[in-house]
Amino acid sequence: MTELLFNEDSYLKEAEAKVISVKDNIIKLNRTIFYPEGGGQPGDNGKLVLKDRVLNVIDTKKGEQENEILHYVEGNIDESIINQEVGLKIDWDRRYKLMRMHSSCHVLVSLVPALITGASVGIEKSRIDFDVDPSTLNKEEMNQRIREIVSEDHPIFINQISGDNYEEYKHLSKGAAVSPPVINNKIQIVQIGEDNNIIDAEFCSGTHCKSTKEIGPLEIGKIENKGKRNRRINIRFSS
Ligand SMILES: [Zn+2]
């Protein structure tokens, strides 16, 4: 099992770990700051710094077991590095954009009273597919509300609930037919805003920034028609 340091602190850029297994170009560690692809967010890139060389991590994915994180490096590696200490460095510029972009997706979701049928978080823009009555979507109003939410600087934080209490919180799920990931019998809820001013609360195990102001200026791009009730809403950073 790998300790998921990005769950405790999504702002960790570097850490130390130990290599626990190597197979071809896949390395497992006892702890990691590399976020594995999931929930529409791409896996992290970065570097593993060993005693005598530096390995480029070109992708990070979940394994089959709970908490199993697979670091994909360039080229095949032999098992001699097992048990070695390794320095971890994620490509922070890329990850931080993904954190801001991922957080912006929650802002968008808060404005659309509909189920999500798909999502893809990118570095400059993202898209979310909704099962929605198109007549309820007003791009100008949504852009106005997005500007307000960003400038009001609402906190973004994680609440962890016990997996045993899932039924109680089930109503928060906006994903169509998707159950939230349960890790160590815990489920994460990401919340934007607090007290009487909660903007959004949704199951999510991705990485987010700490406040809506950190997301920066945003705007809705194209709203694409993907079927009678299926609309793909694009969101991107604006200047
Ligand atoms: Zn999220």
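Procedures and definitions
- Per chain, the residues get numbers from 1 upward, laid out in the order the sequence is written.
- Only residues with pLDDT of at least 70 are given local features in this predicted model, and only at 80 or more are side-chain atom pairs given and counted; all residues enter the totals for whole chains, interfaces and linings.
- Note: side-chain values were computed over all heavy atoms of the structure, leaving out hydrogens and water.
- Under the DSSP-based scheme used, a helix requires at least four consecutive residues in state H or I and a strand at least two consecutive residues in state E, with every element numbered from the N terminus.
- One less than the residue count of a helix, multiplied by 1.5 Å, gives the span that helix is expected to have.
- Each residue is placed in one exposure class: buried if its accessible area under a 1.4 Å probe, protein chains only, is under 20% of its type's maximum, exposed if it is over 50%, and partly exposed if it falls in between.
- Taking the helix axis as origin, the arc is that swept by the directions to the C-beta atoms.
- In this description, contact between two residues means that some pair of their heavy atoms is separated by no more than 4.5 Å.
- Throughout this description, a polar contact denotes any pair of N or O atoms lying within 3.5 Å of each other; where both atoms belong to protein, one of them has to be capable of donating a hydrogen while the other can accept it, and for residues adjacent in sequence the pair is counted only when both atoms sit in side chains.
- Pairing between strands is defined by DSSP: at least two bridges between them are needed.
- Axis lines are fitted to C-alpha atoms, over the contacting stretch for helices. Their N-to-C directions set the angle, which ranges from 0 to 180 degrees.
- In this analysis a donor is any N, O or S atom within 2.8 Å of a metal ion (3.2 Å for sodium, potassium and calcium), and since water is not included, sites may seem incomplete.
- Under the classification used here, a metal with four donors is tetrahedral if each angle lies between 85 and 135 degrees, square planar if opposite donors are over 155 degrees apart and the others between 65 and 115, a six-donor metal meeting that same test is octahedral, and anything else is irregular.
- Buried Ala, Val, Leu, Ile, Met, Phe, Trp, Tyr and Cys residues form a nonpolar core when they are joined through side-chain atoms within 4.5 Å.
- Annotation comment: domain bounds sourced from an automatic or database domain assignment.

A. Representation of helix H3 (residues 139-151) within the structure. With 13 residues, H3 should cover 18 Å at 1.5 Å per step; its first-to-last C-alpha distance of 18 Å lies within 8% of that length. Along H3, the positions that sit buried rather than exposed are Met-142, Asn-143, Ile-146, Ile-149 and Val-150. End-on, the buried residues of H3 take up no more than an arc of 125 degrees, which puts them together on one face. Seen from the buried face of H3, the exposed residues on the opposite side, beyond 90 degrees, are Glu-140 and Glu-141. Lining the buried residues of H3 we find helix H2 (92-111), helix H5 (212-215), strand E14 (218-225) and strand E15 (230-237). Regarding H3, its N-cap is Asn-138, as a side-chain oxygen of that residue lies 3.0 Å from the backbone nitrogen of Glu-140 further along. Of the residues one or two after H3, Asp-153 is the one with positive phi, at around 55 degrees.

B. Here's a closer look at the sheet that holds strand E13 (residues 200-203). Taken in spatial order, the three strands of this open sheet run E11-E12-E13, and their pairing is antiparallel. Each having just a single partner strand, strand E11 (156-162) and E13 make up the two edges of the open sheet. The average undirected angle you get between the axes of adjacent strands in this sheet is 25 degrees. Both E11 and strand E12 (residues 186-192) contribute to a ladder of seven bridges, which runs antiparallel. Within E12, the residue paired with Asn-159 across the bridge is Ile-189.

C. Fine view of the environment of Asp-9. Along the chain, the position of Asp-9 falls in the loop between helix H1 (5-8) and strand E2 (14-23). Separated by 24 residues in sequence, Asp-9 and Ile-33 have C-alpha atoms that sit 8.7 Å apart.

D. How the structure looks around the coordination of the zinc ion. Protein coordination of the zinc ion is provided by His-102 (NE2), His-106 (NE2), Cys-204 (SG) and His-208 (NE2), with donor distances spanning 2.0 to 2.2 Å. Every donor counted, the four donor atoms about the zinc ion form angles of 100 to 123 degrees at the centre, which fits tetrahedral coordination. In primary sequence terms, the donor set of the zinc ion follows H-x3-H-x97-C-x3-H. Here His-102, found in helix H2, pairs with His-208, found in the loop between E13 and H5; they are 106 residues apart in sequence, far enough to count as distant.

E. Structural view of the nonpolar core. If you look at the biggest cluster of nonpolar residues, it comprises 52 residues, and the most contacted ones within it are Ile-27, Leu-48, Leu-88, Val-112 and Phe-130. In terms of residue count, the dominant contributor to this core is H2 (eight residues). Both domains that meet at this core, namely domain 1 (3-90) and domain 2 (95-237), each give it at least three residues. Beyond its immediate chain neighbours, meaning those up to four positions away, Leu-48 contacts Ile-27, Leu-29, Phe-34, Arg-53, Val-54, Leu-55, Val-57, Val-73, Val-86, Gly-87 and Leu-88.

F. Here's a closer look at the pairing of strand E6 (residues 54-62). Strand direction decides the pairing type here: strand E5 (residues 46-49) and E6, joined by four bridges, are antiparallel. In the sheet register, Gly-46 faces E6, and the bridge partner there is Val-57. Where E5 hands over to E6, the hairpin turn is made up of four residues, counted between the paired strands. The turn joining E6 and strand E7 (residues 69-73), which pair antiparallel and follow one another in sequence, is formed by six residues; a positive phi near 60 degrees is taken by Asn-67.

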